Amino acid sequence: GAAGLVLGGPVLAAILGGTTNYLARKDVDAASEAVKGVAEKGIGVYNYVGKLLVDNDVTGKLRTAIGKSNPETLDTLESTWNTVSDKADELAVADILARALGVTGDALEKIVDAALVYADENGVADKVKAASGEALTKAKAAADQAAASK
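The rules we used
- Residues numbered from 1 in each chain as written.
- Predicted model: local features only at pLDDT ≥ 70, side-chain atom pairs only at ≥ 80, totals over all residues.
- Heavy atoms only, no water.
- Patch = residues over 30% accessible without salt bridge, like charges linked within 9 Å, V, L, I, M, F, W, Y side chains within 5 Å.
- Areas by Shrake-Rupley, 256 points an atom, 1.4 Å probe, with all protein chains shown as cover.
- Salt bridge = Lys/Arg side-chain N within 4 Å of Asp/Glu carboxyl O.
- Helix = DSSP H or I, 4+ residues; strand = E, 2+ residues; numbered from the N terminus.
- Buried < 20%, exposed > 50% of the residue type's maximum accessible area, 1.4 Å probe, protein only.
- Axes fitted to C-alpha atoms, helices over the stretch in contact; angles between N-to-C directions.
- Parallel < 35°, antiparallel > 145°, perpendicular 65-115°, else oblique.
- Contact = heavy atoms within 4.5 Å.
- Nonpolar A, V, L, I, M, F, W, Y, C, P; charged D, E, K, R; others polar.

**A look at a nonpolar patch on the surface**
Together, Val45, Tyr48, Val49, Leu52, Leu53 and Val58 line one region of the surface with nonpolar side chains, adding up to about 510 Å² of accessible area. Residue contributions to the nonpolar patch peak at 5 residues, all from helix α2 (residues 30-55). Along the polypeptide, Val58 turns up in helix α3 (residues 58-69). According to the relative accessible area criterion, Val58 is partly exposed, its value standing at 35%.

Here it is in structure tokens:
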């Protein structure tokens, strides 16, 4: 999802996030194992960076630097952070988001499973393959004709 946000904006983020969620829920699939492995590595990197920040007191050094250059900015940042943290705690934002993601993941899994069953029962893959083959043949013929007319 995060990669999709960086590469293609919110729509691609939603698509990749949903796909990742779906694949991670499957037990025996190779793609599921890959998604789980990538997620574990991502969490590991996040934790490592967090440890580096704490070990090197990056936040404290940044706070000191901002405080020396512009104390009002530091006060504003701290005040804003405290307000946002208080509101997030008050509204239980983390719990709400976790539940929403769980419900969305469950619904997405059911939708994808139903779509796969429908596609299998109705030969959708064969129809797509045939249509794409026809489109490719037409495109090649048009390219050949354009090349011949030059």
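**A look at the packing of α3 against helix α4 (residues 71-91)**
Direction vectors running N to C along α3 and α4 enclose 130°, while the axes themselves pass 5 Å from each other. Here α3 lies oblique to α4, going by the angle between them. Each of Arg63, Ile66, Gly67 and Ser69 in α3 lies in contact with α4, whose residues at this interface are Pro71, Thr73, Leu74, Leu77 and Glu78. Of the residues assigned to the contact of α3 with α4, the class counts are 4 nonpolar, 3 polar and 2 charged.

**Section: the pattern of salt bridges**
Under the criterion given, the structure shown has 2 salt bridges. Note that Lys51 and Asp55 form a salt bridge whose closest N and O atoms lie 2.7 Å from each other. With a gap of 4 residues between them, Lys51 and Asp55 both fall in helix α2, about one helical turn apart. For Lys140, the salt bridge identified is with Asp144, shortest N-O distance 3.2 Å. Here Asp144 and Lys140 lie together in helix α6 (residues 124-149), a separation of 4 residues that amounts to about one turn. Note on Lys140: relative accessible area 53%, which makes it exposed.

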